[in-house]
Amino acid sequence: MAQLTDTTTGTGRTGRKSGKGGKPRTAPAPRGAAGGRGTSGRGGSGSARRRALLHWIGVHALGVAAALFFVLPFVFLFLTSLMSDQQALTRDLVPDTWEWGNYAKVWHTPGFLTWWRNTLLYAGLGTLLTVVSSVPVAYALAKFRFRGRRPALLLVIAAMMLPPQVVVIPMYLFWAKQLDLSGTLWPLIVPMAFGDAFSIFLLRQFLLTIPDEYLDAARVDGCGELRTLLRVVVPMARPGIAAVALFQFFCAWNDYFGPQIYASDNPAAWTLSYGLESFKGAHHTNWNLTMAATVLVMAPVIVLFFFAQKAFVEGVTLTGVKG
């Protein structure tokens, strides 16, 4: 027993002497391991930066290529419109002399101002009627609970999928034979006063994003449904209404099929899209004038979109978030 005690005590002494101040020694970390970790960390960070840089370059290169793909045709159109009659038939890309008078020639072409006036009437009045008639229907489908609400929505969706060419013959017989409105734009404008299926559906999806608490608060304050719609819903739905208005305006401005059906026999009722086809046929060798006329037809739509693109993108983005 005494021997065992001495052995244990000796071991304890030996353990206490093995470190300074009674603390056990710890083996130092190998220098090679620490250096390896630092080198690999710096290498990994540099590799990540290179990958991020390559990703940035690739994304922006694709963006620039896509932008050029869409912009270059408009640049070619604009440059050709400023060429002379002879140079427009060559392979030149840049005008030798900038013929700004081409736009004046097109503007003073007989009938061109009439086409402008008819297009503004068709697109402006049609857009106004579409918005005024579609907002109440979309409001009812989005916020009212009534029997037949779902079948009504399915009917709107079915009308969206119905091609206009399917009903063109009965519609033409009704407007031209029954009402004798052939040769005018009224068969295209008047139906917009009864709503548009696409506009109703788009507005309905946007109105679903408006919380019902706002409507309940207005009703508690004594507002009826019409006043709630005008004072609460319409101000909050301005982005969606702007998107619908732009869609309808662009559709009416570029419409060629409708004026061809109803107004082709009356040049005084032609629109820009249909009149441009006639202009191209009369100036089939003057490509500079044809391009200038095309620029004048496209310019209002492009300018309008640039000024209203914020509301347009916001309306389309928020549509369909709920419901």
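Further up the page is the structure itself.
Here the structure is a predicted model, which means the values were calculated and not measured. (Residues numbered from 1 in each chain as written. Predicted model: local features only at pLDDT ≥ 70, side-chain atom pairs only at ≥ 80, totals over all residues. Heavy atoms only, no water.)

Asker: Just checking my understanding: could you explain the overall build of the protein for this structure?
Answerer: Helix and strand counts for the protein come out as 14 helices and zero strands. Counting only contacts in the protein whose residues sit at least 6 apart along the sequence, the fraction spanning at least 24 positions is 72%. Carbon and sulfur atoms make up 68% of the accessible area of the protein, which totals about 20400 Å². (Helix = DSSP H or I, 4+ residues; strand = E, 2+ residues; numbered from the N terminus. Contact = heavy atoms within 4.5 Å. Areas by Shrake-Rupley, 256 points an atom, 1.4 Å probe, with all protein chains shown as cover.)

Asker: I would appreciate a short explanation of the layout of surface pockets in the present structure.
Answerer: Gaps left between atoms show up when a probe the size of a water molecule is rolled over them. Considered as a void within the structure, the largest pocket measures approximately 1200 Å³ in volume. Lining the largest pocket are 34 residues, and of these L162, P164, V167, P191 and D196 sit closest to its centre. Looking at the lining of the largest pocket, the elements with two or more residues in it are helix 4 (112-143), helix 5 (149-160), helix 6 (168-178), helix 7 (186-189), helix 8 (197-207), helix 11 (238-253) and helix 12 (257-262). Examining the composition of the lining of the largest pocket, we find that five residues originate from one element, helix 11, more than from any other. For the lining of the largest pocket, a count of residues per class yields 26 nonpolar, six polar and two charged. (1 Å grid on protein atoms, 1.4 Å probe; cavity = no way out; pocket = protein on both sides within 12 Å on 5 of 7 lines; lining within 4 Å. Points joined across faces, edges and corners; volume = space filled by probe spheres on them. Nonpolar A, V, L, I, M, F, W, Y, C, P; charged D, E, K, R; others polar.)

Asker: Please clarify how empty space enclosed by the protein should be interpreted in this entry.
Answerer: Per the counting criterion, the structure on display carries one cavity of 30 Å³ or more. Reported here for the largest cavity is a volume of approximately 30 Å³. Looking at the largest cavity, the residues that line it are V135, L203, L207, L229, V233, V234, A237 and I241. Of all elements in the fold, only helix 8 and helix 10 (225-236) reach the threshold of two or more residues within the lining of the largest cavity. It is helix 10 that provides the largest number of residues to the lining of the largest cavity, a total of three residues. Residues that form the lining of the largest cavity fall into these classes: eight nonpolar, no polar and no charged.

Asker: I'm lost on a nonpolar patch on the surface in this one. Help?
Answerer: On the surface, a cluster of nonpolar side chains totalling about 700 Å² of accessible area is made up of V64, L68, F69, F70, V71, L72 and V75. Residue position: V64 is located in helix 2 (residues 31-81). (Patch = residues over 30% accessible without salt bridge, like charges linked within 9 Å, V, L, I, M, F, W, Y side chains within 5 Å. Salt bridge = Lys/Arg side-chain N within 4 Å of Asp/Glu carboxyl O.)

Asker: It is not clear to me how the nonpolar core should be interpreted in this structure. Could you clarify?
Answerer: In a soluble, globular protein the nonpolar side chains are often hidden away together inside. Counting 36 residues, the largest nonpolar core has V106, F112, Y122, W253 and L272 as the members making the most contacts within it. Where this core is concerned, the elements lending two or more residues are helix 3 (101-107), helix 4, helix 7, helix 11, helix 13 (272-282) and helix 14 (287-318). In terms of residue count, helix 14 provides more of this core than any other element does, nine residues in total. Judged by nonpolar contacts, the second largest core, of 17 residues, contains Y139, L207, L229 and V233. (Core = buried A, V, L, I, M, F, W, Y, C linked by side-chain atoms within 4.5 Å. Buried < 20%, exposed > 50% of the residue type's maximum accessible area, 1.4 Å probe, protein only.)

Asker: Would you explain the pattern of salt bridges in this entry?
Answerer: Pairing between side chains becomes possible if they bear opposite charge and their charged atoms approach one another. In this structure the tally under the stated criterion is four salt bridges. Two residues, K143 and D212, come together in a salt bridge whose shortest N-O distance is 2.9 Å. Pair noted here: K143 is in helix 4 and D212 is in helix 9 (residues 212-220), with a separation of 69 residues, a long-range link. A relative accessible area of 35% means that D212 is categorised as partly exposed. Between R219 and E225 there is a salt bridge, with the nearest N and O atoms lying 2.9 Å from each other. Because the salt bridges share partners, they merge into one network encompassing D216, R219 and E225.

Asker: Sorry, what's going on with the side chain of T130 here?
Answerer: Its location among the elements puts T130 in helix 4. We classify T130 as buried; its relative accessible area is 0%.

Asker: I keep staring at helix 6 and nothing clicks. Help me out?
Answerer: Along an α-helix, residues three or four apart share an orientation, since each turn contains 3.6 residues. If you check which residues of helix 6 are buried, you get V168, W175 and A176. With its buried residues spanning 85 degrees around the axis, helix 6 presents them on a single face. Every exposed residue of helix 6 that faces more than 90 degrees away from the buried side is listed here: I169, K177 and Q178. In the core, the buried residues of helix 6 are packed alongside helix 7 and helix 12. Positioned one or two residues after helix 6, D180 has a phi angle of 55 degrees, which is positive. (Arc of directions from axis to C-beta.)

These figures come from the coordinates and say nothing about function on their own.
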